[in-house]
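Inside the fold
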Amino acid sequence: MRKLVSSGSPLEEPIGFSRACRVANMISVSGTAPIKNGETTCIGDVYGQTKYCLDLSIQAIEEAGGRPTDIIRTRIMLTDISRWEEAAKAHGELFSQIKPACTFVEVSRFITPDWLVETEVDCVLEQV
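Residues numbered from 1 in each chain as written. Predicted model: local features only at pLDDT ≥ 70, side-chain atom pairs only at ≥ 80, totals over all residues. Heavy atoms only, no water.

Concerning the packing of helix α2 (residues 46-63) against helix α3 (residues 84-95)
- At a closest axis distance of 7 Å, the pairing of α2 and α3 adopts a crossing angle of 35 degrees. Judged by the twist between their axes, the crossing of α2 over α3 is right-handed. Every residue of α3 that contacts α2 at V46, Y47, T50, K51, L54, D55 and I58 is listed here: E86, A87, K89, A90, H91, E93, L94 and F95.
- The class makeup of the residues in the contact of α2 with α3 is eight nonpolar, two polar and five charged. (Axes fitted to C-alpha atoms, helices over the stretch in contact; angles between N-to-C directions. Helix = DSSP H or I, 4+ residues; strand = E, 2+ residues; numbered from the N terminus. Left-handed = near helix turned anticlockwise from the far one by under 90°. Contact = heavy atoms within 4.5 Å. Nonpolar A, V, L, I, M, F, W, Y, C, P; charged D, E, K, R; others polar.)

Describing a nonpolar patch on the surface
- Where nonpolar side chains cluster on the molecular surface, the patch consists of M26, I72 and V124 and spans about 250 Å² of accessible area.
- Accessibility expressed as a relative area gives 32% for V124, which makes it partly exposed. (Patch = residues over 30% accessible without salt bridge, like charges linked within 9 Å, V, L, I, M, F, W, Y side chains within 5 Å. Areas by Shrake-Rupley, 256 points an atom, 1.4 Å probe, with all protein chains shown as cover. Salt bridge = Lys/Arg side-chain N within 4 Å of Asp/Glu carboxyl O. Buried < 20%, exposed > 50% of the residue type's maximum accessible area, 1.4 Å probe, protein only.)

What to know about the nonpolar core
- Ranked by internal contacts, the top residues of the largest apolar core, which has 21 residues, are I27, I61 and I71.
- For this core, the secondary structure elements donating two or more residues are β3 (26-32), α2, β6 (71-78), α3 and β8 (117-124).
- No other element matches α2, which puts six residues into this core.
- Sequence-distant contacts of I27, defined by excluding residues within four places in its chain, comprise A20, C21, R22, I61, A64, G66, V121, D122, C123 and L125. (Core = buried A, V, L, I, M, F, W, Y, C linked by side-chain atoms within 4.5 Å.)

Overview of the pattern of salt bridges
- According to the stated counting rule, one finds five salt bridges in the structure shown.
- Salt-bridge contacts for D70 lead to R67; the nearest nitrogen and oxygen are separated by 3.3 Å.
- Looking at D70, the relative accessible area reads 3%, which means it is buried.
- Note on R67: relative accessible area 43%, which makes it partly exposed.
- In this structure, R75 and D122 form a salt bridge, with 2.9 Å as the shortest nitrogen-oxygen distance. Taken together, the residues span a long stretch of sequence, with R75 in strand β6 and D122 in strand β8 at a distance of 47 residues.
- Where salt bridges share partners, they join R75, E120 and D122 into one cluster.

Structural notes on the environment of R73
- Mapped onto the fold, R73 is located in strand β6.
- Each C-alpha atom of the pair R73 and S28 lies 9.6 Å from the other, and the pair is 45 residues apart in sequence.
- Discounting residues that sit within four places of it in the chain, R73 has contacts with P100, A101, T103, E120, V121 and D122.

Re the sheet that holds β6
- With mixed pairing, the six strands of this open sheet are ordered in space as β1-β2-β3-β8-β6-β7. Unpaired on one side and paired on the other, β1 (2-5) and β7 (101-106) mark the two borders of the sheet. Averaged over neighbouring strand pairs, the angle between their axes works out to 10 degrees when direction is ignored.
- Two strands pair when backbone bridges link them, and β6 and β8 are joined in this way by seven bridges, in the antiparallel orientation. By the bridge assignment, L78 is partnered in β8 with V117.
- The sheet strands contacting α2 are β1, β2 (20-23), β3, β6 and β8, and the helix crosses β8 at an angle near 30 degrees.
- Sheet contacts for α3: β6 and β7; angle to β6, the most-contacted strand, approximately 160 degrees. (Pairing = 2+ DSSP bridges.)

So yeah, pure geometry; function would need other evidence.
Listed below in structure tokens is the structure:
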């Protein structure tokens, strides 16, 4: 079984990716940027961008048949690691009870300079 989930991002088709891909009891969510209706959202706001990206990821997981409690790993990529606490606040609000494995890393840049954060999420469903 392979289920693909689209978020409607204008980048999905030309790049050739899905927001999320489920195979059996695993769901992987692609790198999720702060894109809303084809535009960067929450410009300059690491917290807002992180929350938006993680919320979008959770929506994709649910569409693929998963739940937030199935999340086992998150990755938070930032262009300025000194702002990690802003991203961590958004992450903590969503995952303080679930406590997935989590990594914060600094990257040199993203496709669009206004993106301050991009996230990835992986799940293993308890029941198939």
